[in-house]
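In case you want the letters, here they are:
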Amino acid sequence: MTDKVIYAMYDDDDVTKEACQSLVDNGVHVADVFSPFPIHGIDPIIGIKHTRLGIAAFMYGITGLLLAIIATRYFMVSDWHGINIGGKPNFSYLENIPSFVPILFEFTVLCAAHGMALTYFLRNKTLPGMPARNPDPRTTDDRFVVEVRLAENSNFSLDQLNDMIKETGIVEIDEKTIK
Amino acid sequence: MEFQISNKAKKVTLGLMGVGLLLLIVGFFFQKEYLFPTVLSDHEVYVEYWGEQGEKESDVKAEAQEAMAALGYQLDFGDEGEEHQNHGHDAAEEHGEEHSEEAHAHQSPTFDWHIHIKHLEAEGHDAHAAHGHGHDSAPSESLAAMFTNGDISMSDSHFRRFWSNLLVNGFFFFGIALGALFYLALHYATESGWGVVLLRIMEAIMSALPLGMIILVVVFIAATLGLNHIYPWMDSDVVAHDDLIWGKVAYLNKPFFWIRIICYFGVFAYFMNWFRKTSRNQDSEDVEKATASHFLMYRRGALFLVFFAVFSSTMSWDIIMSIDTHWFSTLFGWYTFSGIWLSAMIMIMMVTLYLKHKGNLEFVNSSHIHDVGKWMFALSFLWSYLWFSQFMLIWYSNIPEEVIYFVTRIESYKFIFFAMFVVNFVLPMIFLMSADTKKSWPYLIFIGLVIFIGHWFDVFCMVMPGTLFEEWNFGLLEIGMFMTFLGTFVFLVLKALGKSSLVQNNHPFLEESKHHHG
């Protein structure tokens, strides 16, 4: 099924936000906005769901913590039982837990950060080497592009959509057919 | 956007103060000073007393004799008998010296007894042995329990508990006001926009700075005059016999201490007044003048931060760390500062929620509350991080003069010391981690109040082990004084809120703050 997509380009984040607001007020569904930096407050306007990346990060953190607990317990207490480091022999994990807290903390952070970054890249399909999905390379520089799809706005014709978009403060408008 | 303290709020805060005072007075007259028993064997107890001699030693001896007679024993206080005298005395002296050098910067116990417990009626050898091993609790245990519970105790003659509590509360509430002043200066110095609608709340909280200052000055004057023994280095007898303190005399002496205190309080009070005055004047200035005022505050904010960076550290050494004069920790300033900042942030949050609930803050939206919530969450971590760093480094290196600080706390304050840490670390971590709870009023109020009290206990654990040693107690005196201070503090804050508009109409970033979206 083919679909028509309109790309409206803006040169200011606030204008982009206002344009999205006016389009949404008119009943248009905005598919996405491409921007060189995060625009605060645009998510609820175009109806993007709240990210679940935080929950993922928490899970990665917990995983890291557990792995670190298992590892330190195995290395320092089970395998090299009772080795005396700095007058603190590792006979019991619980009694010696303060000396393991730094590594538990660091490993938690390591897992949470790397897990979160990888998940982010994977979910956005932006791993290094993946084809770029933004419609115009200038959206990585100083331009903002609003994407409106015809199939998602069945109440409007292509011309109606074009007219509505042109009323906002655009600097360029482009139309594409995607398969 | 005006606010006037309502009659209900007046009644609640002043009522809290009144009830607190009542409890405080009741608690004040029920103070005791404890005697410290060490069970040496089933029939031997070593007792020491570190306080001022309030009532006669012999009266307390008689009291103990009487209590044990009821159980069928008689006591020998180590100054009777032939063989035991020397032995007992030596043991006691050794014990005492060890104690004074490591734990307290005081010379030796006021008095100590080496008590031998004998049966009242002459019993056979078998019965004696059976008594020693067969019973659930040995007589020495029961006697020790009487001392520990305060059934047999000295009455408090120098109000050490009262003074220590005054220091705890004075410092805690002084810290909250100072934390608000610091955050206000930080907000100006970083040219932040989001929190403009909250600045008047910070101004009101910092306006209560004199409360803590006056109380602290009273404590310091009393300490200087020798009315309390909070700071051992202020006692020339102690200093003369203590090499470690003697080595610190260049810094820890009364004149220099007072110069520093006057510097801190003078600088803080000056900036507090200046910020408050300038921002109130700004409300009636024209736009150009108001912008100029803003940039002046921006520069003064940065200047204040320079003073604060140095003073917050040295202040915590002078007021708190010098109580344990032998001990030192390079992290202490930061640790104290993080607690101060967090308590101030909780206070800002609570006042914001209260005013929002009253409908006085039309421009404060959920993003502002979310951001203050983020501060509460992040600062809880900063505090936990510093607390643990200090603890772990000292615990790991295990150097006697450092580790004694935690030995005292873990031996005699174990429950509140660790419970306080767990509450202040785990509660915010679990319950304030999600973005939703940082915006949810019930969560914020509950967690905020719990960790607010948690941080009061943090200050309690900083002060009490150095002033009351093992003789601490938690009762009406503590609760009453906390309530009095809290009531007064909140009353002063709400009163100060009424003195100006709740919005800084001419602040250049007001528009940005109104549209703040996190």
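Reading guide: rules and limits
- The residue numbers shown here count from 1 along each chain, following its written sequence.
- Think of it this way: whatever chain is written first is A, whatever ligand is written first is 1, and the rest follow in order.
- Residues qualify for local features only when their pLDDT is at least 70, as the model is predicted, and side-chain atom pairs are given and counted only at 80 or more; totals for whole chains, interfaces and linings, by contrast, use all residues.
- For helices the rule is a DSSP run of H or I covering at least 4 residues; for strands it is a run of E covering at least 2, with both sets numbered from the N terminus onward.
- To assign burial, the other C-beta atoms lying within 10 Å of each residue's own C-beta are counted, with C-beta atoms placed from the backbone; 20 or more indicates buried, 12 or fewer indicates exposed, and intermediate counts indicate partly exposed.
- Residues are defined as contacting one another if the C-beta atoms placed from their backbone atoms lie within 7 Å.
- Just so you know, the domain bounds were taken from an automatic or database domain assignment.
- Every residue gets a pLDDT, meaning the predictor's confidence in that residue, from 0 to 100.
- A set of buried Ala, Val, Leu, Ile, Met, Phe, Trp, Tyr and Cys residues, joined to one another through C-beta atoms within 7 Å, is what we call a nonpolar core.
- At least two bridges found by DSSP between two strands are what make those strands a pair.
- Lines fitted to C-alpha atoms define the axes here, with helix axes fitted over just the stretch in contact, and angles between the N-to-C directions of these axes take values from 0 to 180 degrees.
- When an angle is under 35 degrees it counts as roughly parallel; over 145 it counts as roughly antiparallel; between 65 and 115 it counts as roughly perpendicular; any other value is oblique.
- By convention, the crossing between two helices is left-handed when the near helix turns anticlockwise from the far helix through less than a right angle, and right-handed when the turn is clockwise.
- In this scheme, a helix's expected span is set at 1.5 Å multiplied by one less than its residue total.
- Think of the arc as the fan of directions from the helix axis to the C-beta atoms.
- Under the scheme applied here, ten amino acids are nonpolar (Ala, Val, Leu, Ile, Met, Phe, Trp, Tyr, Cys and Pro), four are charged (Asp, Glu, Lys and Arg), and all others, including Gly, are polar.

For chain B, the count of helices and strands is 19 helices and six strands. Looking at chain B as a whole, 43% of its 518 residues are labelled buried. Looking at chain B alone, contacts between residues at least 24 apart form 82% of all its contacts between residues at least 6 apart.

By convention, interface size is frequently given as the accessible area that disappears when the constituent parts associate. Assigned domains within chain A: domain 1 (3-49 + 134-178) and domain 2 (53-124). The distance between the C-alpha centroids of domain 1 of chain A and domain 2 of chain A comes to 45 Å.

This paragraph deals with the confidence of the model for chain B. Residues and elements named next belong to chain B. Taken as a whole, chain B shows an average pLDDT of 86; of its residues, 88% reach a score of 70 or greater. In this model residues 80-106 is a low-confidence stretch, pLDDT under 50, and it forms 36 contacts with partners more than four residues away in sequence or in other chains. Across residues 124-134 the pLDDT falls below 50, and counting only partners more than four positions away or on other chains, this stretch makes three contacts in the model. For this predicted complex, the interface confidence reaches an ipTM of 0.82, while the overall pTM sits at 0.82.

All names here are of chain B. Ala177, Ala180, Leu181, Ile205, Met345 and Ile348 are the most contacted members of the largest nonpolar core, which totals 115 residues. Apart from residues no more than four positions distant in its own chain, Ile205 is found in contact with Ile176, Ala177, Ala180, Ala344, Met347, Ile348, Val351 and Val493. Counting residues in each nonpolar core, the second largest holds 18 residues, with Tyr34, Leu75, Ile115 and Ala144 among its members.

Before going further, it helps to examine the sheet that holds strand 2 (residues 36-41) of chain B. Residue and element names in this part refer to chain B. Pairing is antiparallel in the open sheet, where four strands are placed in the order 2-3-5-4. In this open sheet, the two edge strands, each paired with only one partner strand, are strand 2 and strand 4 (73-76). Along the sheet, successive strands turn relative to each other by an average axial angle of 25°, direction set aside. One ladder, built from five bridges, connects strand 2 with strand 3 (residues 44-49); its direction is antiparallel. Bridging from a neighbouring strand, Val39 pairs with Val45 of strand 3. Sheet strands touched by helix 2 (residues 57-69): strand 4 and strand 5 (111-119). Its angle to strand 4, the strand with the most contacts, is close to 150°. Against the sheet, helix 5 (residues 139-149) makes contact with strand 2, strand 3, strand 4 and strand 5, and its axis sits at roughly 170° relative to strand 2, the strand it touches most.

We now examine the sheet that holds strand 2 (residues 30-34) of chain A. Residue and element names in this part refer to chain A. Pairing is antiparallel across the open sheet formed by four strands, whose spatial order is 2-5-1-6. On the outer flanks of this sheet lie strand 2 and strand 6 (172-178), each paired with one strand and no other. Taken over all neighbouring pairs, the strand axes of this sheet differ in orientation by 20° on average, direction set aside. Looking at chain direction, strand 2 and strand 5 (residues 144-149) are connected through four bridges and run antiparallel. The partner of Val33 across the bridge, within strand 5, is Val146. The strands that helix 5 (residues 158-167) touches are strand 1 (3-10), strand 5 and strand 6; relative to strand 1, the one it contacts most, it runs at about 10°.

Contacts between the two partners involve eight residues from chain A and, on the opposite side, six residues from chain B. It is helix 4 (residues 97-124) of chain A that contributes the most residues to the side of chain A that touches chain B, three residues altogether.

Right, let's get into the packing of helix 6 (residues 160-189) of chain B against helix 12 (residues 287-319) of chain B. All names here are of chain B. Interhelical geometry of helix 6 versus helix 12 gives an angle of 150° and a closest axis separation of 8 Å. In terms of orientation, helix 6 lies roughly antiparallel with respect to helix 12. With respect to the hand of their crossing, helix 6 and helix 12 are arranged in left-handed fashion. Contacts from Phe171, Phe182, Ala185, Leu186, Tyr188 and Ala189 of helix 6 reach helix 12 at Met297, Tyr298, Gly301, Ala302, Phe304, Leu305, Phe308 and Ile319.

Here we come to helix 1 (residues 13-25) of chain A. Residue and element names in this part refer to chain A. For helix 1, with 13 residues, the first-to-last C-alpha span of 18 Å sits near the 18 Å given by 1.5 Å per residue. Every buried residue of helix 1 is accounted for by Thr16, Ala19, Cys20 and Leu23. Angularly, the buried residues of helix 1 cover 100° about the axis, an arc narrow enough to put them on a single face. Seen from the open side of helix 1, the exposed residues pointing more than 90 degrees away from its buried face are Asp14 and Asp25. Residues of helix 1 that are buried in the fold lie against strand 1, strand 2, helix 2 (43-46), strand 5 and helix 5. One or two residues past the end of helix 1 sits Gly27, with phi positive at roughly 95°.

On to unusual backbone geometry. Trans peptide bonds make up the majority, and among non-glycine residues the majority have a negative phi. Phi at Lys125 of chain A is positive, roughly 55°, even though this residue is not glycine. The topology assignment puts Lys125 of chain A in the loop between helix 4 and strand 5. Even without a glycine there, the phi angle at Glu191 of chain B is positive, about 55°. Within the secondary structure, Glu191 of chain B is located in the loop between helix 6 and helix 7 (199-206). With 12 C-beta atoms packed within 10 Å, Glu191 of chain B lands in the exposed category.

Another point: the pairing of strand 6 of chain A. Residues and elements named next belong to chain A. For strand 6, the buried fraction is low: zero of the seven residues fall into the buried class. In this structure, strand 1 lies alongside strand 6, joined through seven bridges in antiparallel fashion. Looking at strand 6, one finds that Lys4 is bridged to Thr177.

Another point: the environment of Ala309 of chain B. Looking at the secondary structure, you find Ala309 of chain B in helix 12. In this structure Ala309 of chain B comes out as exposed when scored by C-beta crowding, with 12 C-beta atoms within 10 Å.

Before going further, it helps to spend a moment on the packing of helix 12 of chain B against helix 13 (residues 332-357) of chain B. All names here are of chain B. Relative to each other, helix 12 and helix 13 sit at 100°, their axes nearing to 8 Å. Looking at the two axes, helix 12 sits roughly perpendicular to helix 13. For the pair helix 12 and helix 13, the contacting residues are Ser312, Ser313, Ser316 and Trp317 in the first and Phe332, Gly333, Thr336 and Phe337 in the second. Looking at the contact of helix 12 with helix 13 residue by residue, the class counts come to three nonpolar, five polar and no charged.

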